[in-house]
Amino acid sequence: MINKIQEFNVMRENLNYKFFINGEWRVSTSGKTITIKNPFNNEIVGNIQACTKEEVDQAIINAKQSVNCWENTPIRERAEILKKAANLMNKWSDYLGELLMNENGKPLKSAISEIKRTALIFNATAEAKSELVGTTMTGDILEGGSREKISITYRVPLGVVLCIGPFNYPFNLTGSKIAPALLTGNSVVMKPSTEGSITASHLGIILDKAGVPPGVFNIITGRGSEIGDYLISHPDINMINFTGSSKTGKHLAEVAGMIPLLLELGGKDAAIVLNDADLKKTVKSIVSGAFSYNGQRCTAVKRVLPMPDIADILIEKVVEETKKLSIGDPAENKSIGPLINSNQCDYVQELIDDAIDKGVEVKCGNKREGNILWPTVLDKVTVDMRIAWEEQFGPVVPFIRVKTIEEAIKISNDSEYGLQGMIFTNNIDLALNIAQELEVGTVQINGQSSRGPDHFPFIGTKASGMGAQGIKYSIKNMSRPKVIVMNLSEKGKLLRKCDID
Ligand code: NAP
């Protein structure tokens, strides 16, 4: 892939990409790089720097020193910079989308829309700047208070925010953290997922060109297993916004201590399908929900719980549609492409094999070539199978047939995860009742689970996360209220008169 965009030359030499500190692109003193290969054809996409702990220190020190200056930049100017960044993302979306496709095996169209969706989030975050408006209050509401006390409450940044993203949306799920962090006046250290670092690192060029001052935005690359703990336990990090697996999220929560955390973690979203569901719509939602980006989405449909009268026909139709999915090269926008790496393929295959050993019916799929796994439908999954509980993060949809709504609710809730749930039915009253019973952040009625639109609150409960994201929620969560109380003197009180006859 030839880089025709001159602005990007500064961040790489041949295939070696640099990291970004204090407005400069640097080569790590470790002398080590990590090679990123295209999961579809195994070609080298590039090499990223394996940063050292000293470089982590430098990034965080620079970020810390820049907070005051950035915080004092008027909010409207910070918002304008976000809008300029959004324009650059749109301008360069074709190039960045192709890079993302090569790096992560995402179909080209989806990869380009990931870049454009990030631009939308930057624009919408800039538009939401009024969320930072403060309030004043007099103290005479509660007994013992008086009008001589007046509070001024406004929002201030938290300081240095560490943004860590996952491999599946490496540009979007770092961008959606960075935009609210910067709008609220924080400085940022970003640690992208190793697989995805090259595309995500372009945020350095974009934000620099858009006018973010040196030091306010920094990028550290390298394996989480090597520098992750050093980053998350660093005393000068004031907040961590993380998306990734529940395992890493729990580890992070243990190490990070008392600093505020926003965690978006794994899921095992279940679709409960009642007998009266609209078959066509349900089949479409299940196939798209389970297999888009090969099931490598936190909100993929990861279990289906059909009621007895609809189970047979539903599974038959899902298999029919699944067999129509095209398989192959992401550059040709095939529906199913490679998983992120061979370890992930091995893991998904392990879950399928465990289910087969325990008597599952494989309706289609269960074939592998390189990193591509054929979309697989499993029927008669039982609760002793690992696939009923573990997050597959691959193109497999397990059907767990249930006899009653109560059983469906129980199986949904017995999961350690609590991201989203789905109910397919024409009985909206019943759907609302079931929705109230589900232990998840969001329930979708007659639709597949999904993160967007991005102004909705996005919440994971149990092992699926902590805190709410979404444009205005992220702005609130990445800033804090600060209160100044004016205690007026008695003199002021004497001047005030009450002349009612
Ligand atoms: P992951 O393995 O947990 O990695 C996530 C990030 O954490 C990567 O940047 C990784 O760096 C870093 N990391 C690893 N160990 C670390 C440590 N000790 N300290 C600090 N950072 C560390 O997750 P993934 O495989 O990239 O992403 C898939 C998972 O993310 C799935 O479970 C999916 O459900 C979840 N996800 C959730 C959401 C949501 O919104 N709820 C959205 C997308 C994905 P390296 O890449 O260098 O290891």
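Everything that follows concerns the structure shown earlier in this document.
Small disclaimer: the values here were computed from a predicted structure and weren't measured.

Participant: Provide a residue-level description of the pattern of salt bridges, including the pertinent values.
Facilitator: Under the defined criterion, the tally for this structure stands at 25 salt bridges. Across the pair Glu13 and Lys18 runs a salt bridge, and its minimum N-O distance is 3.3 Å. The salt bridge involving Lys83 is made with Glu127; its shortest N-O contact spans 3.2 Å. Taken together, the positions of Lys83 in helix α2 (residues 75-91) and Glu127 in helix α4 (residues 108-127) put the pair 44 residues apart, joining distant regions of the chain. With a relative accessible area of 23%, Lys83 lands in the partly exposed category. When its relative accessible area of 51% is taken as the criterion, Glu127 is described as exposed.

Participant: Which residues make up the site of the ligand, and what are the values?
Facilitator: Taken together, the neighbourhood of the ligand is formed by 30 residues, with Thr194, Ser245, Thr248, Leu265 and Glu391 sitting nearest. Taking Lys191, its side chain carries an N or O atom lying 2.9 Å from an oxygen atom of the ligand. Residue Leu265 places a main-chain N or O atom 2.7 Å away from a nitrogen atom belonging to the ligand. If the ligand stood free it would expose 910 Å²; the protein chains cover 87% of that surface. Sorting the residues of the shell around the ligand by element identifies α7 (224-232), β12 (239-243) and α8 (246-256) as the ones contributing at least two each.

Participant: Outline the packing of aromatic side chains, listing residues and values.
Facilitator: The final tally for this structure, using the stated rule, is five aromatic pairs. For the ring pair Phe20 and Trp25, a centre distance of 4.6 Å and an interplane angle of 35 degrees mean the geometry is tilted. Taken individually, Phe20 and Trp25 each receive the classification buried, so the pair is uniform in this respect. Judged by centre distance (6.5 Å) and plane angle (45 degrees), the rings of Phe20 and Phe217 are tilted. With a gap of 197 residues between them, Phe20 in strand β3 (residues 19-21) and Phe217 in strand β11 (residues 217-219) connect regions that are remote in the sequence. The exposure class of Phe20 is buried, given its relative accessible area of 3%. A connected cluster of aromatic rings, assembled from ring pairs, spans Phe8, Trp92 and Tyr95. It is Lys106 that lies over the ring of Tyr293; its NZ or CZ is 4.6 Å from the centre.

Participant: Can you break down the nonpolar core residue by residue, with the values?
Facilitator: One finds Met89, Phe122, Ile178, Leu182 and Phe217 to be the most contacted residues of the largest nonpolar core, which totals 59 residues. When residues no more than four places from it in sequence are discounted, the contact partners of Phe122 are Leu82, Ala85, Ala86, Met89, Gly175, Ile178, Ala179 and Leu207. One finds Leu305, Leu339, Ile400 and Ala435 within the second-largest nonpolar core, a separate group that totals 31 residues.

Participant: How would you summarise the side chain of Gln444 if you had to cite specific residues and measurements?
Facilitator: Its place among the elements puts Gln444 in strand β23 (residues 442-445). The residues contacting Gln444, other than those within four sequence positions of it, are Gln420, Gly421, Met422, Ile423, Ser449 and Ser450.

Participant: So what's going on with the pairing of β12? Which residues, and what values?
Facilitator: The buried fraction of β12 is high, at five of five residues. Burial of β12 is two-sided: the residues Met239, Asn241 and Thr243 facing one way and the residues Ile240 and Phe242 facing the other way are all buried. Pairing between strand β9 (residues 160-164) and β12: four bridges, direction parallel. Bridge pairing links Val161 to Met239 in β12. Bridging between β12 and strand β13 (residues 261-264) involves four bridges; their strand directions are parallel. Bridge pairing in β13 places Thr243 opposite Glu264.

The rules behind each value
- Residues numbered from 1 in each chain as written.
- Predicted model: local features only at pLDDT ≥ 70, side-chain atom pairs only at ≥ 80, totals over all residues.
- Heavy atoms only, no water.
- Salt bridge = Lys/Arg side-chain N within 4 Å of Asp/Glu carboxyl O.
- Helix = DSSP H or I, 4+ residues; strand = E, 2+ residues; numbered from the N terminus.
- Buried < 20%, exposed > 50% of the residue type's maximum accessible area, 1.4 Å probe, protein only.
- Near = heavy atom within 4 Å.
- Polar contact = N/O pair within 3.5 Å; in protein donor to acceptor, adjacent residues only side chain to side chain.
- Areas by Shrake-Rupley, 256 points an atom, 1.4 Å probe, with all protein chains shown as cover.
- Phe/Tyr/Trp six-rings, centres within 6.5 Å; stacked < 30°, edge-to-face > 60°.
- Lys NZ or Arg CZ within 6 Å of the ring centre and 35° of its normal.
- Core = buried A, V, L, I, M, F, W, Y, C linked by side-chain atoms within 4.5 Å.
- Contact = heavy atoms within 4.5 Å.
- Pairing = 2+ DSSP bridges.

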